[in-house]
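Okay, here's what each chain looks like letter by letter:
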Amino acid sequence: MSDMVMNVPRKLRRGGRANDEEDSVNSGLELIKLMCRRFEVSDLGNLALFDMGCGVKLVQALLENDLPVGRYVGVDVYEAQIQYLNEQVRDSRFSFHHANIHNEMYNPKGLPLNDQTRLPLEAASFDVICLFSVFTHLAPHDYVAMLKLLRPYIKPGGRLLFSLFVYETTPGGHGFIDSISKNMQLTEEQLAAWDGPPDFRDWDPSDPLHWALYSRDNAIALVEGTGWEIESLNDPEEFIQHYMICRPV
């Protein structure tokens, strides 16, 4: 265990476990284990990892637990968070960049995501690109634009992994719809009849894109033409919603 403890301010922590810093870091550890398992490696020591919408929990999990990583680049729209990470992290394997992309909560004055958006990164330089709790807040046009934005930065043979909300119940019972149906005491039949499973649904328009839900078919169809091919669309697990793994075409 490393002696480094970051003690990240609450306002810079995100996600459903943000109120408990230890729980937040533990969820970061579980996501690292997930990537290692799915990519069939014992650790990230030989990999260059690009964490888009990075937040802080993967950084904390790696540094506070002294875990191997070849190189880590974190990019986020929340400028205060990137400033904090650049001030706190002195490890040469880590670097952080602010992306001035519009986000209603964290960067409302940012530029809309489109085909002209670029990042200050070297092309074809990452083995893994991950996005946790990013596509869960993207409308369909940004879903496509984000996939196109990321494509130039992956190495041949690299992998993309991102979490998303898929509008379906699953055997594991960890998904967003499972939670909603349980809390509202809806049966699977009632849920299926409740507006049906639309291609896309912004669950609560009064809180735009807090929960962006996709049908399985639409989530898959939107990948077409973005420079990626789908390896798998996976059911939720304890620390992650549905998640997709893609390879570069």
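Residues numbered from 1 in each chain as written. Predicted model: local features only at pLDDT ≥ 70, side-chain atom pairs only at ≥ 80, totals over all residues. Heavy atoms only, no water.

J.: Mind laying out the nonpolar core, listing which residues take part and the relevant values?
T.: Ranked by internal contacts, the top residues of the largest apolar core, which has 38 residues, are Phe-50, Met-52, Ile-129, Leu-131, Tyr-143, Met-146 and Phe-162. Filtering out sequence-adjacent residues up to four positions away, Met-146 remains in contact with Met-52, Leu-113, Leu-131, Val-134, Phe-135 and Leu-138. Leu-12, Ile-32, Val-69 and Tyr-72 belong to the second-largest nonpolar core, a separate cluster that totals 37 residues. (Core = buried A, V, L, I, M, F, W, Y, C linked by side-chain atoms within 4.5 Å. Buried < 20%, exposed > 50% of the residue type's maximum accessible area, 1.4 Å probe, protein only. Contact = heavy atoms within 4.5 Å.)

J.: Account for helix α1 (residues 21–38), naming residues and giving values.
T.: With 18 residues, α1 extends 26 Å between its outermost C-alpha atoms, agreeing within 8% with the 26 Å of an ideal straight helix rising 1.5 Å per residue. All of the buried residues along α1 are Ser-24, Val-25, Ser-27, Gly-28, Leu-29, Leu-31, Ile-32, Leu-34, Met-35 and Cys-36. At its buried positions, α1 is contacted by β1 (44–52), α2 (57–64), β4 (126–131), β5 (154–166) and β9 (242–248). Two residues or fewer after α1 comes Glu-40, characterised by a positive phi angle close to 55°. (Helix = DSSP H or I, 4+ residues; strand = E, 2+ residues; numbered from the N terminus. Expected span 1.5 Å × (residues − 1).)

J.: Kindly report on the environment of Lys-57, identifying the contributing residues and their values.
T.: With respect to the secondary-structure elements, Lys-57 resides in helix α2. Judged by relative accessible area, Lys-57 falls into the partly exposed class, the value being 22%. For Lys-57 and Thr-170, which are 113 residues apart along the polypeptide, the C-alpha to C-alpha distance reads 26 Å. Discounting chain neighbours no more than four positions away, the residues touching Lys-57 are Ser-24, Ser-27, Gly-28 and Leu-31. Of note is the side chain of Lys-57, whose polar atom sits 3.4 Å from the side chain of Ser-27. (Polar contact = N/O pair within 3.5 Å; in protein donor to acceptor, adjacent residues only side chain to side chain.)

J.: I'd like to hear about the environment of Cys-130, residue by residue, with values.
T.: Counting through the fold element by element, Cys-130 comes out in strand β4. Here Cys-130 falls in the buried class, since its relative accessible area comes to 0%. C-alpha separation for the pair Cys-130 and Tyr-78, spaced 52 residues apart in sequence, amounts to 17 Å. Not counting chain neighbours up to four residues away, the residues in contact with Cys-130 comprise Met-35, Leu-49, Phe-50, Asp-51, Met-52, Leu-58 and Leu-161.

J.: Go over the packing of α1 against α2 with me, naming the residues and quoting the values.
T.: Relative to each other, α1 and α2 sit at 85°, their axes nearing to 8 Å. Comparing their axes, α2 and α1 come out roughly perpendicular. On α2, the residues touching Glu-21, Ser-24, Val-25, Ser-27, Gly-28, Leu-29, Leu-31, Ile-32 and Met-35 of α1 are Lys-57, Leu-58, Gln-60, Ala-61, Leu-62 and Glu-64. (Axes fitted to C-alpha atoms, helices over the stretch in contact; angles between N-to-C directions. Parallel < 35°, antiparallel > 145°, perpendicular 65-115°, else oblique.)

J.: Explain the pairing of β9 to me, using residue names and the numbers behind them.
T.: Buried residues dominate β9, accounting for six of its seven residues. As judged from the six bridges shared by strand β8 (residues 228–234) and β9, these two strands associate in the antiparallel manner. Note that in β9 the partner of Ser-232 across the bridge is Ile-245. (Pairing = 2+ DSSP bridges.)

J.: I'd love a proper account of the side chain of His-242, names of residues and values included.
T.: By secondary structure assignment, the location of His-242 is in strand β9. Look at His-242 and you get buried, because its relative accessible area is 1%. Polar side-chain contacts of His-242 include one of 3.1 Å to the side chain of Glu-168. Non-local contacts of His-242, meaning those with residues more than four positions away in its chain, are made with Phe-162, Ser-163, Leu-164, Val-166, Glu-168, Thr-170, Arg-216, Asn-234, Asp-235 and Pro-236.

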